[in-house]
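Okay, here's what each chain looks like letter by letter:
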Amino acid sequence: QVQLVESGGGPVQAGGSLRLSCTASGSTFSSEIMGWFRQAPGKEREFVASFLWSGSGTYFSEHVKGRFTISGNNARNTVYLQMNSLKPEDTAVYYCASVLGGSMWTFSRGRVDYWGQGTQVTVSS
């Protein structure tokens, strides 16, 4: 019912920046929380950042805190992940996710309703 489409991934050198976008469509309702997870080859999917539409609250993984920011544009149904000071260990497929009801904590634990298709981010040294 909800489609999430990511964009903005690609190759980047260490120390560089990328901005990922996730646009939601297909439903009349609004998600309560949207955010990002990532999965590196051979590793489990991990939480990156989340955005609470009501009040624009944000929450970040300790791995990216201080380097990444997340924001939302309600009119465009789009959430952005600004990634700065990228490191090779940030290399992963980044997935957008959304949930209608929940908390920032449960969202970070992977309790989501919808996933995007993923976009590859490759950080080279």
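Structure first, text after, so check above.
To start, this report covers the structure provided alongside it. This is a predicted model, so every value here is computed, not measured. (Residues numbered from 1 in each chain as written. Predicted model: local features only at pLDDT ≥ 70, side-chain atom pairs only at ≥ 80, totals over all residues. Heavy atoms only, no water.)

1. Notes on the sheet that holds strand β8 (residues 78-83)
Working definition: the strands of a sheet are paired by backbone hydrogen bonds and lie parallel or antiparallel to each other. Here four strands make up an open sheet; going across it, the order is β1-β3-β8-β7 and the pairing antiparallel. On the outer flanks of this sheet lie β1 (3-7) and β7 (68-73), each paired with one strand and no other. On average, each strand axis in the sheet is inclined to that of its neighbour by 15°, with strand direction left out of account. In this structure, β1 lies alongside strand β3 (residues 18-25), joined through five bridges in antiparallel fashion. Paired with Leu4 across the bridge in β3 is Ala24. (Pairing = 2+ DSSP bridges. Helix = DSSP H or I, 4+ residues; strand = E, 2+ residues; numbered from the N terminus. Axes fitted to C-alpha atoms, helices over the stretch in contact; angles between N-to-C directions.)

2. Here we look at the side chain of Asp90
Among the structural elements, Asp90 can be located in the loop between β8 and β9 (92-99). In this structure the side chain of Asp90 is engaged in a polar contact, spanning 2.9 Å, whose partner is the side chain of Arg38. Every residue in contact with Asp90, bar those within four places of it in the chain, is listed here: Arg38, Arg67, Phe68, Ser85, Val121 and Val123. (Polar contact = N/O pair within 3.5 Å; in protein donor to acceptor, adjacent residues only side chain to side chain. Contact = heavy atoms within 4.5 Å.)

3. Overview of the pairing of β3
Both β3 and β8 contribute to a ladder of six bridges, which runs antiparallel. Bridging across to β8, Thr23 finds its partner in Thr78.

4. Looking at the nonpolar core
Trp36, Leu81, Met83 and Tyr94 are the most contacted members of the largest nonpolar core, which has 28 residues in total. Of all the secondary-structure elements, those providing two or more residues to this core are β3, β4 (33-39), β5 (46-52), β7, β8, β9 and β11 (119-124). Among the elements that take part in this core, β3 stands out by supplying four residues, more than any other. Counting eight residues, the second largest nonpolar core, distinct from the first, contains Ile33, Ala97, Val99 and Met104. (Core = buried A, V, L, I, M, F, W, Y, C linked by side-chain atoms within 4.5 Å. Buried < 20%, exposed > 50% of the residue type's maximum accessible area, 1.4 Å probe, protein only.)

Just geometry here; none of it tells us what the structure is for.
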